Amino acid sequence: MAKRKFIEKRRKERIVEREATIDPRDYHAKLISLLGNLNVDFETHDSENEKDDYYGFKLSCDPPFERMWYIVKNPFGGNDLELAIESGFDLAFGAGCWSFHPTEKEFGQFCAAIKAIVEGRGATVRFCVGDEAKASAVLIGDELDAANDFALMERIAERDYYRTNQDIYWADSFALSRKLKKELRRLRSRNGWRADFEYFNPKQNRSVDFGIL
């Protein structure tokens, strides 16, 4: 009963969010201000500029339309942090990415994720078996805790953009990640796995091995 009430509460919150959408194009100045406060170097690329042949990362199957990319240059020699504003707010770092919906709440989460990655409190985490990565996701804060490997595995599966398509139709739950979760659980119990953490500063990078159960 408690779980049902929680799901219904979350569903109602989603409905409210959908009715309060914003125009992401109005938020370029706020993003630039955030990057300025973080004291990072960045470059911009505009899909509407015919002389700009940068096409960047794509989290949508549609061609870029009024998309602005912001490439945060990595001073430590690692991967750059790539951001984009179009119909929503997109973020990509290493092999991990996520798309934030056009609401005030999710723009705040977008900014929080950028700040966490630049400050070393966020990373792309890969679920690896041997030399092969089976899933990857951008995680921040407490989500990076590797003390409970099952919980870490679940978070990776839920936020693996390309395998869960979590943003499509504004999914109300993590049900879309069930197939990937099932696959990762099987690999976890049969082969064990390794979590590779990639940070903005490569000096923070680490790997944690989890043996067969």
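Before any of the text, the structure's been laid out above.
Residues numbered from 1 in each chain as written. Predicted model: local features only at pLDDT ≥ 70, side-chain atom pairs only at ≥ 80, totals over all residues. Heavy atoms only, no water.

## What to know about unusual backbone geometry
Rule in force here: The numbering of helices and of strands both runs from the N terminus, where a helix is a DSSP run of H or I of at least 4 residues and a strand a run of E of at least 2. The buried label applies to any residue whose accessible area, calculated with a 1.4 Å probe on protein chains only, is under 20% of its type's maximum; exposed applies above 50%, and partly exposed to all values in between.
Non-glycine residue N39 carries a positive phi angle of around 60°. Of note, N39 is situated in the loop between α2 (28-37) and β1 (42-46). Judged by its relative accessible area of 71%, N39 falls in the exposed class. Positive phi is not limited to glycine here, since E66 has a value of about 50°. With respect to the element layout, E66 can be found in the loop between β1 and β2 (68-72). The class of E66 is partly exposed, set by a relative accessible area of 28%.

## A word on the sheet that holds strand β8 (residues 193-198)
Heads up, the rule is: At least two DSSP bridges between two strands are required for those strands to pair. Fitted lines through C-alpha atoms serve as axes, helices being fitted only where they are in contact, and the angles separating the N-to-C directions of these axes extend from 0 to 180 degrees.
Here four strands make up an open sheet; going across it, the order is β7-β6-β8-β9 and the pairing antiparallel. Both edges of this open sheet fall to β7 (132-140) and β9 (206-210), since each of them pairs with a single strand only. On average, adjacent strands in this sheet sit at an angle of 20° to one another, irrespective of strand direction.

## Side note on the side chain of S99
Summarising the element assignment, S99 is placed in strand β5 (residues 96-100). Under the relative-accessibility criterion, S99 is labelled buried at 11%.

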